[in-house]
Amino acid sequence: MNYKIVDFTISPLTEDAQDILSAMLGDVGFDSFQPTETGLLAYVPSSEFSEDVILQTIADFILPDVVITYAVSDMENRDWNEEWEQNSFDPILEREFGIRLHPHGAFGSGSHPTTYQLVDYICRHDYTGQTVLDMGCGTGVLGIAMALHGAVKVVAIDIDEMSVTNTKENFQLNDLTGFQAIHGDASSIEGEYATIVANIHKNIIIRDLPVYAPHLQTGGTFIASGFFTSDADDIIRAASQQNLRPKEQFSRDDWMVLIFKK
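Quick caveat: nothing in here was measured; it's all calculated off a predicted structure. (Residues numbered from 1 in each chain as written. Predicted model: local features only at pLDDT ≥ 70, side-chain atom pairs only at ≥ 80, totals over all residues. Heavy atoms only, no water.)

1. So, the overall build of the chain
Of the regular secondary structure elements, the chain holds nine helices and 11 strands. Residue burial in the chain is summarised as follows: out of 262 residues, 50% are buried. In the chain, 64% of the contacts between residues at least 6 apart in sequence involve partners at least 24 apart. Taken as a whole, the chain presents about 12000 Å² of accessible surface, with 46% of it coming from carbon and sulfur. (Helix = DSSP H or I, 4+ residues; strand = E, 2+ residues; numbered from the N terminus. Buried < 20%, exposed > 50% of the residue type's maximum accessible area, 1.4 Å probe, protein only. Contact = heavy atoms within 4.5 Å. Areas by Shrake-Rupley, 256 points an atom, 1.4 Å probe, with all protein chains shown as cover.)

2. As for helix α1 (residues 15–26)
Two residues of an α-helix separated by three or four positions point the same way, owing to the 3.6 residues in each turn. If you check α1, its first and last C-alpha atoms are 16 Å apart, about what 12 residues at 1.5 Å a residue would give, namely 16 Å. For α1, the buried fraction is high: nine of the 12 residues fall into the buried class. (Expected span 1.5 Å × (residues − 1).)

3. What to know about the sheet that holds strand β6 (residues 153–158)
Taking strand neighbours across the sheet as the criterion, the seven strands line up as β7-β6-β5-β8-β9-β11-β10 in an open arrangement whose pairing is mixed. Strands with a single pairing partner mark the edges of an open sheet, and in this sheet they are β7 (179–183) and β10 (245–252). In this sheet, neighbouring strand axes are inclined to one another by 15 degrees on average, regardless of whether the strands run parallel or antiparallel. The pairing of strand β5 (residues 131–135) with β6 spans five bridges and is parallel. Considered in β6, the bridge of Thr131 is made with Lys153. Contacting β5, β8 (193–199) and β9 (216–228), helix α8 (residues 202–212) crosses the sheet at an angle of about 170 degrees to β9. On the sheet, helix α9 (residues 232–240) packs against β9, β10 and β11 (255–261) and is oriented at approximately 20 degrees with respect to β11. (Pairing = 2+ DSSP bridges. Axes fitted to C-alpha atoms, helices over the stretch in contact; angles between N-to-C directions.)

4. Points about the pattern of salt bridges
Applying the stated criterion across every chain yields a total of seven salt bridges. For Lys4, the salt bridge is made with Asp74, and the minimal N-O distance between the two is 2.6 Å. With Lys4 in strand β1 (residues 3–11) and Asp74 in strand β4 (residues 67–75), the pair connects residues that are 70 residues apart, well separated along the chain. Residue Asp74 is classed as exposed on the basis of its relative accessible area, which comes to 52%. Linking Asp234 and Lys202 is a salt bridge whose minimum nitrogen-to-oxygen distance equals 2.8 Å. Taken together, the residues span a long stretch of sequence, with Asp234 in helix α9 and Lys202 in helix α8 at a distance of 32 residues. Overall, Asp234 belongs to the partly exposed group, its relative accessible area being 27%. (Salt bridge = Lys/Arg side-chain N within 4 Å of Asp/Glu carboxyl O.)

5. Concerning the packing of aromatic side chains
This structure, assessed with the given rule, holds six aromatic pairs. Plain terms: the ring middles of Phe171 and Phe179 are 4.3 Å apart, the flat faces sit at 20 degrees to each other, and that makes the pair stacked. Where Phe228 meets Trp255, the ring centres are 4.4 Å apart and the plane angle is 35 degrees; that geometry is what we call tilted. Of this pair, Phe228 sits in strand β9 while Trp255 is found in strand β11, placing the two residues 27 residues apart along the sequence. Of the residues examined, Trp255 reaches a relative accessible area of 10% and is grouped as buried. Members of the aromatic cluster, each reached through a chain of ring pairs, are Tyr212, Phe222 and Phe260. Here the guanidinium or amino end of Lys4 rests over the ring plane of Phe49, the centre of that ring lying 5.7 Å away. Here Arg252 stacks its cationic end above the ring of Tyr116, 4.6 Å away from the centre of that ring. (Phe/Tyr/Trp six-rings, centres within 6.5 Å; stacked < 30°, edge-to-face > 60°. Lys NZ or Arg CZ within 6 Å of the ring centre and 35° of its normal.)

6. Topic: helix α6 (residues 141–148)
Across the eight residues that make up α6, a large majority, seven, are buried. Those residues of α6 that fall on the buried side of the exposure criterion are Val141, Leu142, Gly143, Ile144, Ala145, Met146 and Ala147. A positive phi of about 110 degrees marks Gly150, the residue just after α6.

7. Quick look at the side chain of Thr221
Its place among the elements puts Thr221 in strand β9. Polar side-chain contacts of Thr221 include one of 2.8 Å to the side chain of Lys261. (Polar contact = N/O pair within 3.5 Å; in protein donor to acceptor, adjacent residues only side chain to side chain.)

8. Focus on the sheet that holds strand β2 (residues 32–35)
Pairing within the open sheet is antiparallel, and its four strands lie in the order β2-β3-β1-β4. Every other strand in the sheet has two partners, leaving β2 and β4 as the edge strands with one partner each. Within the sheet, the average angular offset between the axes of one strand and its neighbour, ignoring direction, is 20 degrees. As paired strands, β2 and strand β3 (residues 39–45) are joined by four bridges and run antiparallel to one another. Note on β3: the bridge partner recorded for Ser32 is Tyr43. Strands β1, β2, β3 and β4 of the sheet are contacted by α1, whose axis makes an angle of about 10 degrees with β3.

See the structure below:
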């Protein structure tokens, strides 16, 4: 799958402006975001790209006196990945946790605070005998971490077909069996899970919580990340409506992880 990269410049630049813009873009097809020193990099499948949608999003931006401009470029998977893997990929998860990855992109490589925090948390807990769900799996790293710590069945789901292919490759790279990688969204979830991890944009988590909760076993754990610390209260309120109780929270570089129990 080919992607477009939209480089947004935000003036004046604030975390609130970055957060609101990423939330609005998440509602119109963008699926990955990276804050920058001048604004925000946003990634959208080329098939979903619409300049009219971008212009409307900017026009609807709710903070007053904020000027947003943008530039669009193509990110072709093969060329971009080869350059990134050769020059930028740091195998930190293999060094620190023994997880081998051949990432076809930066999402789930361990370089982002959300991924690192989640892997660190998972590797300090026991998933022996569990059936687990890695929602928005990316490279499959979170499912791999749970499998390496006892999970007997891992289901990994992502809307990006390339991520599903990469997840299968990475499970094999770690000599793991008992996994299923699915191209789809929350509507693809079947069965019950002892642990569900969702490392996805805030708005998608809130939207899909009514789907996640019925598939989480009583006493099970729901782990959410992929959002800023300022978003935590919104996630907690939405989770409480699904009878999920907050148990633990921690953050790194203003990126939050929330742990809930059912």
